[in-house]
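# Residue-level structure breakdown
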Amino acid sequence: MTMMLPRQIYIIPLFVLMKNFGWFNSYQGMIAPYLVYPFGIFLMRQYMQSIPDELLEAGKMDGASELQLFYHVVLPLSRPAIGAIAIFAFMAGWNDYLWQLVMATDELWLTLPVGVAKLTASGVGSIDIGVGMAGATFAFVPMLLIFLLFQNYFIKGITVGALKG
């Protein structure tokens, strides 16, 4: 249900929550909303349902507790989904201009996309295209590195539920 709501609807309550935590003008306030976001929860649920019950039952028969089952069986099997979610969350957080603009008013805490946007505005109604293109290329490098680090998990993670049986 929350995936259907536009981000602008819940940005004010989320801002108030981050301000109450004392995370205004901090990286925690800019990152925390992307650690638990609706699509990630949905993807993990779908992936967890694909784990065979026989594995969990075998672990229980061997005397493993629920916590041991989670850490030694479920978590290692969930690495592809976690990798895919890491890429999606990073890309969503990196490209969310509005949230970064709301959370970082001090120039010290500006993220690269917001900084590039402020840098390209060279006057009223004029934009420096050269600086904007150079900044966009520079801002793309972290996303490329994250994708290259997690690409194997990403491919496995996005195909969750594509094949049945």
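Quantities reported herein were computed from a predicted structural model and do not represent experimental measurements. Residue positions within a chain follow its written sequence, with the count starting from 1. Local features in this predicted model are restricted to residues whose pLDDT is 70 or higher, and side-chain atom pairs enter the listing and the counts only when it is 80 or higher, whereas totals over whole chains, interfaces and linings include all residues. Only hydrogens and water are set aside when side-chain values are computed; all heavy atoms of the structure are taken into account.

Another aspect to go through is the packing of helix H4 (residues 53-61) against helix H5 (residues 66-77). A fitted line through C-alpha atoms represents every axis, and for helices the fit uses only the stretch in contact; the resulting angles, taken between N-to-C directions, go from 0 to 180 degrees. The way it works is that DSSP assigns letters per residue, a run of H or I at least four long becomes a helix, a run of E at least two long becomes a strand, and they are numbered from the N terminus. Relative orientation of the contacting elements H4 and H5 amounts to 145°, with a least axis distance of 10 Å. Viewed along their axes, H4 and H5 form a crossing whose handedness is right-handed. In this structure, H4 contributes Leu 55, Leu 56, Gly 59 and Lys 60 to the contact, and H5 contributes Glu 66, Leu 69, Val 73, Val 74 and Leu 77. Across the contact of H4 with H5, the residue classes break down as six nonpolar, one polar and two charged. Note: crossing handedness is left-handed where the near helix turns anticlockwise from the far helix by less than a right angle, and right-handed where it turns clockwise. What makes two residues a contact is simply this: any of their non-hydrogen atoms within 4.5 Å. When residue character is reported, Ala, Val, Leu, Ile, Met, Phe, Trp, Tyr, Cys and Pro are called nonpolar, Asp, Glu, Lys and Arg charged, and the others, Gly included, polar.

The next subject is helix H2 (residues 27-35). Listing the buried residues of H2 in full gives Gly 29, Met 30, Pro 33 and Tyr 34. Down the axis of H2, the buried set is contained in an arc of 130°. They therefore lie on one face. Residues of H2 that are buried make contact with helix H1 (7-21), helix H6 (79-95) and helix H7 (97-103). Burial here depends on accessible area, computed with a 1.4 Å probe over protein chains only, as a share of the maximum for the residue type. Under 20% is buried, over 50% is exposed, and the range in between is partly exposed. Read the arc as the range of directions from the helix axis to the C-beta atoms.

Helix length check: helix H3 (residues 38-49), at 12 residues, gives a terminal C-alpha distance of 17 Å against a target of 16 Å (1.5 Å per residue), a fit within 8%. Among the residues of H3, Gly 40, Leu 43, Met 44 and Tyr 47 are the ones counted as buried. For H3, the buried positions fall inside an angular range of 100° around the axis, keeping them on one side. Under the convention used throughout, the expected extent of a helix is 1.5 Å for every residue step, that is, one less than its residue count.

Bringing the packing of H3 against H6 into the picture now. In helix packing, the relevant descriptors are the interaxial angle and the interaxial distance, both defined with respect to the helix axes. The interhelical angle for the contact between H3 and H6, taken along N-to-C directions, is 165°, at an axis separation of 10 Å. The orientation of H3 relative to H6 falls into the category roughly antiparallel. Classified by chirality, the crossing of H6 by H3 is right-handed. Of the residues in H6, those in contact with Phe 39, Gly 40, Leu 43, Met 44 and Tyr 47 of H3 are Pro 80, Ala 81, Ile 82, Ala 84, Ile 85 and Phe 88. A per-class count over the contact of H3 with H6 returns 10 nonpolar, one polar and no charged. To sort the angles, those under 35 degrees are grouped as roughly parallel, those over 145 as roughly antiparallel, those from 65 to 115 as roughly perpendicular, and the leftovers as oblique.

Looking now at the side chain of Thr 120. As for its placement among the helices and strands, Thr 120 is situated in helix H8 (residues 112-120). A relative accessible area of 11% places Thr 120 in the buried class. Apart from residues lying up to four places away in sequence, Thr 120 is in contact with Ser 126, Ile 127, Asp 128, Val 131 and Gly 132.

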